[in-house]
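# Fold and contact review
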Amino acid sequence: MNRNGRMLAEWERQTAVQLTWPHDQTDWAEMLQEINATYIEMAKAITERERLIVVTPHIEEVDGLLKRHLSDCQMQQVAYCGCDTNDTWARDHGLISLEDAANEPVLLDFKFNGWGEKFESAKDNAINATLYQTRLLKGRYENHLDFVLEGGAIESDGQGTVFTTTGCLMAPHRNQPLTRDEIEVQLKQRLRADRVMWIDNGNLVGDDTDGHIDTLVRIAPDDTLLYVGCDDPDDVHYRPLKAMEEELVQWRTAAGSAYRLLKLPLPNPIFRNGERLPATYANFLVVNGAVLCPVYGQAENDRLALQQIQQAYPDREMVPVDCRSIIAQHGSLHCCTMQYY
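To start, this report covers the structure provided alongside it. (Residues numbered from 1 in each chain as written. Predicted model: local features only at pLDDT ≥ 70, side-chain atom pairs only at ≥ 80, totals over all residues. Heavy atoms only, no water.)

### A closer look at the environment of I46
What counts, and what does not: Note on conventions: DSSP H or I runs of at least 4 residues are helices, E runs of at least 2 residues are strands, and numbering of each starts at the N terminus. When a residue's accessible area, from a 1.4 Å probe over protein chains only, is under 20% of the maximum for its type it is buried; when over 50% it is exposed; and in between it is partly exposed. Pairs of residues are marked as contacts when any of their non-hydrogen atoms sit within 4.5 Å.
Here I46 is to be found in helix α1 (residues 32-47). Here I46 falls in the buried class, since its relative accessible area comes to 0%. The spatial distance from the C-alpha of I46 to the C-alpha of I183 is 34 Å, given a sequence separation of 137 residues. Once residues within four sequence positions are removed from consideration, I46 is found in contact with V17, L19, R51, L52 and L292.

### Some points on the sheet that holds strand β5 (residues 96-100)
Here is the rule: One requirement defines pairing of two strands: DSSP has to find at least two bridges between them. Axis angles are defined between N-to-C directions and span 0 to 180 degrees, where every axis is a line fitted to C-alpha atoms and, for a helix, only to the segment in contact.
Spatial strand order, β1-β5-β6-β7: four strands in an open sheet with mixed pairing. Edge positions in the sheet fall to β1 (5-7) and β7 (140-148), since each has one partner strand and no second. Mean inter-strand twist for the sheet, computed between neighbouring axes without regard to direction, equals 30°. Strand direction decides the pairing type here: β1 and β5, joined by three bridges, are antiparallel. Looking at β5, one finds that R6 is bridged to E99. Lying on the sheet, helix α9 (residues 180-191) is in contact with β1, β5, β6 (105-111) and β7; it crosses β7 at an angle near 170°.

### So, the pairing of β6
Of all the seven residues making up β6, six are buried; the element is thus mostly covered by neighbouring parts of the structure. Where β5 and β6 come together, four bridges link them in antiparallel fashion. If you follow S97 over to β6, its bridge partner there is L107. Where β5 folds back on β6, the antiparallel hairpin that results is connected by four residues, among which N103 adopts a positive phi of roughly 65°. With six bridges joining them, β6 and β7 adopt parallel strand pairing. The partner of L107 across the bridge, within β7, is Y141.

What follows is the structure, given as structure tokens:
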């Protein structure tokens, strides 16, 4: 274990989850009622278990919306940060939580540049400084704005191993001209990691992130990996996901053991305006006492996915959340959230 601290695992005890709320100046404008309903569903599940921090330029509007759907006890769990935003992907513009050598929380602020300058991100990139100034979060702030890193691009086992993908971290307009080895050095130093595990294969059609790990593989307790698989040879994902699976079979823990592998189904293709959307069951959120699991109105696939996630988290409640609205903008449940400790 790195003596300077560690990046926390998602299943550790949390104090709050952040949602950056959609509004009519974002890409959600044409489906605002639909996406608001999904965010309310997430807010209900979160506030039953822990505090919810809502980032929005429209506090009164969102507060009124939540008061119509949440109980008084749940509303006591809601805190607001008034801030202008480009979009809603808290996982990628949010602060990343570490623990220092004295077991005190540290909040790392990395640069978010719209997944390699694909989209406008200046407002989202300024959220963290505003959020930290509100004192809604406990922890020491660290400025890492000289390095591009999205929260969805990394996973941690809480024991010194960080997981990521070559496709994302080596994609254009992130940290060039750094090589993969140089990026690994940066990750180890900034995230207090002992080692970095890279996935070289796997990506989802329609994914703007260049292959965030939280769409493909998730680390769970007891050296368990939940990963997306595809059994249809005619599906475009079949070969890259098989190659990814072969990589995971070869991986070893820091102690030299094989990982326990649990395969998640790939959702049946979902299209919008003729475009296949990057639906994935890997994009779940672990909260205190529960796992919020994306579902897509596909009875058998939804059932199998929840069954596999339950195996990884046997002591937690499975809470399905319909994410067909979220994937319309090429993300899912985990992408919308960021947890703090």
